[in-house]
Amino acid sequence: MAAFSPARSQYQKEDAERIVHGLAGVRGVTNLIAVRPVPTALDLKRRIEEALVRSAELDAQRIAVEVEVTKVSLRGMVRSWAEREEAERAAWSAPGVSAVENRIIVSA
């Protein structure tokens, strides 16, 4: 069985059902596709900031998060490369993120 990403709209869900139903030999379709709304930039920003606060390795107040649609930019200063990488992991962990630009500086 193939894995597919969830539908972003009810139209995609209904279209998938219509296409499968029209295949030769198909007698019935049970559509279990979940519709997931696209998160807003503000929601992504909030989720990432919350993830940064939860991380014991990071001083979240030293990192600024900016979101443009689904692209995240991280800026600030941390004490180690591990902290920088942890901040990027936190950004990628938010559902809906399509790109992360990590501009965090590691202070010596």
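Refer to the structure presented above.
Note that the structure is a prediction, hence the values are computed from the model and not measured. (Residues numbered from 1 in each chain as written. Predicted model: local features only at pLDDT ≥ 70, side-chain atom pairs only at ≥ 80, totals over all residues. Heavy atoms only, no water.)

Glancing now at the sheet that holds strand β3 (residues 99-106). One open sheet holds the three strands; their spatial order is β1-β2-β3, and the pairing between them is mixed. One side of each edge strand has no neighbouring strand; the edge strands of this open sheet are β1 (63-68) and β3. Taken over all neighbouring pairs, the strand axes of this sheet differ in orientation by 10 degrees on average, direction set aside. Across eight bridges, strand β2 (residues 71-78) lies against β3 in parallel orientation. Each bridged residue has a counterpart across the sheet, and for lysine 71 the counterpart in β3 is alanine 99. On top of the sheet, helix α2 (residues 41-54) reaches β1 and β2; it is set at about 155 degrees to β1, its chief contact. Those strands touched by helix α3 (residues 81-92) are β1, β2 and β3, and its axis lies near 160 degrees from that of β3. (Pairing = 2+ DSSP bridges. Helix = DSSP H or I, 4+ residues; strand = E, 2+ residues; numbered from the N terminus. Axes fitted to C-alpha atoms, helices over the stretch in contact; angles between N-to-C directions. Contact = heavy atoms within 4.5 Å.)

Of the two faces of β1, only one is covered, namely that formed by Ile63, Val65 and Val67; the face formed by Ala64, Glu66 and Glu68 stays uncovered. Of the pairings in the sheet, the one linking β1 to β2 comprises six bridges and is antiparallel in character. Paired with valine 65 across the bridge in β2 is leucine 74. Linking β1 to β2, which pair antiparallel, is a turn of two residues; within it valine 69 sits at a positive phi near 60 degrees. (Buried < 20%, exposed > 50% of the residue type's maximum accessible area, 1.4 Å probe, protein only.)

Summed over all chains, the structure comprises nine salt bridges. We note a salt bridge from arginine 46 to aspartate 43, for which the minimum N-O separation is 2.4 Å. A residue pair is termed a helical-turn pair when its members lie 3 or 4 positions apart in one helix, as arginine 46 and aspartate 43 do in helix α2 at three residues. On the basis of relative accessible area, aspartate 43 is assigned to the buried category, the value being 19%. Arginine 47 is the partner of aspartate 43 in a salt bridge, and the nearest nitrogen-oxygen pair spans 3.2 Å. (Salt bridge = Lys/Arg side-chain N within 4 Å of Asp/Glu carboxyl O.)

Turning our eyes to something else, we now look at the nonpolar core. Ranked by size, the top nonpolar core spans 19 residues in total, and within it Ile48, Leu52, Ile63, Val72 and Leu74 carry the most contacts. Mapped onto this core, the elements with two or more residues apiece are α2, β1, β2, α3 and β3. Per element, the largest residue contribution to this core is four residues, and it comes from α2. Those residues within four positions of isoleucine 63 in sequence are excluded, and the remaining contacts are Leu52, Leu58, Leu74, Arg75, Val78, Ala87 and Ile104. (Core = buried A, V, L, I, M, F, W, Y, C linked by side-chain atoms within 4.5 Å.)

All right, on to the environment of alanine 60 then. Tracing the backbone shows alanine 60 in the loop between α2 and β1. For alanine 60, a relative accessible area of 18% gives the class buried. In sequence terms alanine 60 and glutamate 49 are eleven residues apart; their C-alpha atoms lie 7.3 Å from each other. Once residues within four sequence positions are removed from consideration, alanine 60 is found in contact with Leu52 and Val53.

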